[in-house]
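As a plain string of letters, each chain reads:
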Amino acid sequence: VLGRTRDGSGQSWGRLLEFKDPDGRVHRWPVPMRLLAGDGLEFRATLLDLGLLIAPSPKARQRLAMFAQTAEAARAFTCTERTGWHDGAFVLPDRTLGTGDVLLQTLGEPPKLAQSGTLGQWRTDVAWPCAGNSRMVLAVSVAFASTLVSPVGEENGGIHLVGPSSTGKTTALRAAASGWGGGDYLHRWRATGNGLEAVAQSHNDLLLILDELAQVDAREAGEIAYMLANGSGKHRARRDGLAKPAASWRLMFLSAGEIGLADHMRESGKRARAGQELRLADVPADAGAGHGLFEVLHGFNDGAALADALIEGARACYGTAGLAFLEKLVGVDRVALCTSVDKLRSDFLAEYLPTGATGQAQRLGKRF
């Protein structure tokens, strides 16, 4: 037992455990103490799944629970149930960047962050082929922009790449995902609103990727878009009738599908409201240069060859760029950061937004 954990309000107490599995690999797990209520079945099941050897006798189980609850633990850590910004630190499932003893302590499934290859390889095999290709630059930029939503006070929002099969939408999603993890980092729209609520909370301050919009129930699509962009889930009651804390998150999300949100909702007889389309902005996947998603082929024979190279690069090199970005970001002065972003944004809007643009166009322009 390396230390005791609790959140900023003195609740969600737990213990930081460390142990070796049979292969000698060291595991650390901030375990919520509520898992030790009752017979502690879920507590032991998680430890067994992580490789701790536990004798099957009732006496051994009792001793394990007693040790976890009563062992001396002088060091204190702050815990949080969400990834992302916590004061000046950025909390990830396996590390905290910046200052402060803050740990992620959650019963939910954390985002599947992983690393492979080097940052230099990622720049060469993923970032460089994206250069000059507007849709690819947009997709990969969303991957990093999600970490800026909180520091600069931006609102949540989504970008949805729309186009027929084989235009390269999945290539864009995989390239964006490679900033943080491998192929497992991608999610699909094929889920209930409650399921996507949990996924969104687990990706707080990180990129959320959802593929194949057509797989979500058309009757729920609009409300889910609202929910993701509004950053909060449904209010629910506990067994005693009191309100549970509602799930919340800050993020940008990247989506793709063969149809847009309004067309998908129309299939169920619903009409998309302007606010829904504003929260999930459709972007045509075809760049109009005859190469699907691409404008510049970088020496490849065609768009398919470039897409194959990008997918292979994202498969081999991932997870290093997001960490490098965060390592720089946690050391940047917040005032200077906001000033810089405000200038970049105002310059962008001055160049691309027409004079007299509506409030909705200005709001969406700020996201880009």
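See the structure shown above.
Quick summary incoming for the structure in this document. Owing to the predicted nature of the structure, the values given are computational and were not obtained by experimental measurement. (Residues numbered from 1 in each chain as written. Predicted model: local features only at pLDDT ≥ 70, side-chain atom pairs only at ≥ 80, totals over all residues. Heavy atoms only, no water.)

### Focus: the packing of aromatic side chains
Scanning all chains against the criterion turns up five aromatic pairs. Centre to centre, the rings of Phe348 and Tyr352 are 4.9 Å apart; their planes meet at 40°, and the pair counts as tilted. You can see Phe348 and its partner Tyr352 sitting in helix 12 (residues 334–352), four residues apart, about one turn around the helix. Judged by its relative accessible area of 30%, Phe348 falls in the partly exposed class. Among the aromatic residues, those joined into a cluster by ring pairs are Trp122, Phe144 and Phe325. It is Arg334 that lies over the ring of Trp85; its NZ or CZ is 4.7 Å from the centre. (Phe/Tyr/Trp six-rings, centres within 6.5 Å; stacked < 30°, edge-to-face > 60°. Helix = DSSP H or I, 4+ residues; strand = E, 2+ residues; numbered from the N terminus. Buried < 20%, exposed > 50% of the residue type's maximum accessible area, 1.4 Å probe, protein only. Lys NZ or Arg CZ within 6 Å of the ring centre and 35° of its normal.)

### Some remarks on the sheet that holds strand 1 (residues 3–6)
If you walk across this open sheet you meet the five strands as 3-2-1-4-8, and the pairing is mixed. The sheet is open, and its two borders are formed by strand 3 (26–32) and strand 8 (102–104), each paired with just one other strand. The mean angle between the axes of side-by-side strands here comes to 35°, regardless of whether they run parallel or antiparallel. Summarising the sheet, strand 1 and strand 4 (residues 76–80) pair through three bridges and their orientation is parallel. Bridge assignment links Arg4 to a residue of strand 4, and that residue is Ala76. Sheet strands touched by helix 1 (residues 41–50): strand 2 (14–20) and strand 3. Its angle to strand 3, the strand with the most contacts, is close to 165°. (Pairing = 2+ DSSP bridges. Axes fitted to C-alpha atoms, helices over the stretch in contact; angles between N-to-C directions. Contact = heavy atoms within 4.5 Å.)

### Describing the pairing of strand 2
Here strand 2 lies mainly inside the structure; five of its seven residues are buried. Strand direction decides the pairing type here: strand 1 and strand 2, joined by three bridges, are antiparallel. Considered in strand 2, the bridge of Arg4 is made with Arg15. Sheet topology note: the strand 2/strand 3 ladder contains seven bridges and is antiparallel.

### Let's talk about the packing of helix 6 (residues 193–202) against helix 7 (residues 218–230)
At a minimum axis distance of 10 Å, the contact between helix 6 and helix 7 shows a crossing angle of 20°. Considering the angle they form, helix 6 stands roughly parallel to helix 7. For the pair helix 6 and helix 7, the crossing hand works out as right-handed. Between helix 6 and helix 7, the residues in contact are Gly193, Leu196, Glu197 and Ala200 and Glu220, Ile224, Met227 and Leu228, respectively. Considered class by class, the residues forming the contact of helix 6 with helix 7 number five nonpolar, one polar and two charged. (Parallel < 35°, antiparallel > 145°, perpendicular 65-115°, else oblique. Left-handed = near helix turned anticlockwise from the far one by under 90°. Nonpolar A, V, L, I, M, F, W, Y, C, P; charged D, E, K, R; others polar.)

### Examining the pattern of salt bridges
Opposite charge on two side chains makes pairing possible when the charged atoms of those side chains draw close. Applying the stated rule across the entire model yields 15 salt bridges. A salt bridge links Arg95 to Asp94, with the nearest nitrogen and oxygen atoms 3.1 Å apart. Judged by its relative accessible area of 52%, Asp94 falls in the exposed class. In the salt-bridge network here, residues are joined through shared partners; they are Glu154, Asp342 and Arg345. (Salt bridge = Lys/Arg side-chain N within 4 Å of Asp/Glu carboxyl O.)

This is a description of form; function is not addressed.
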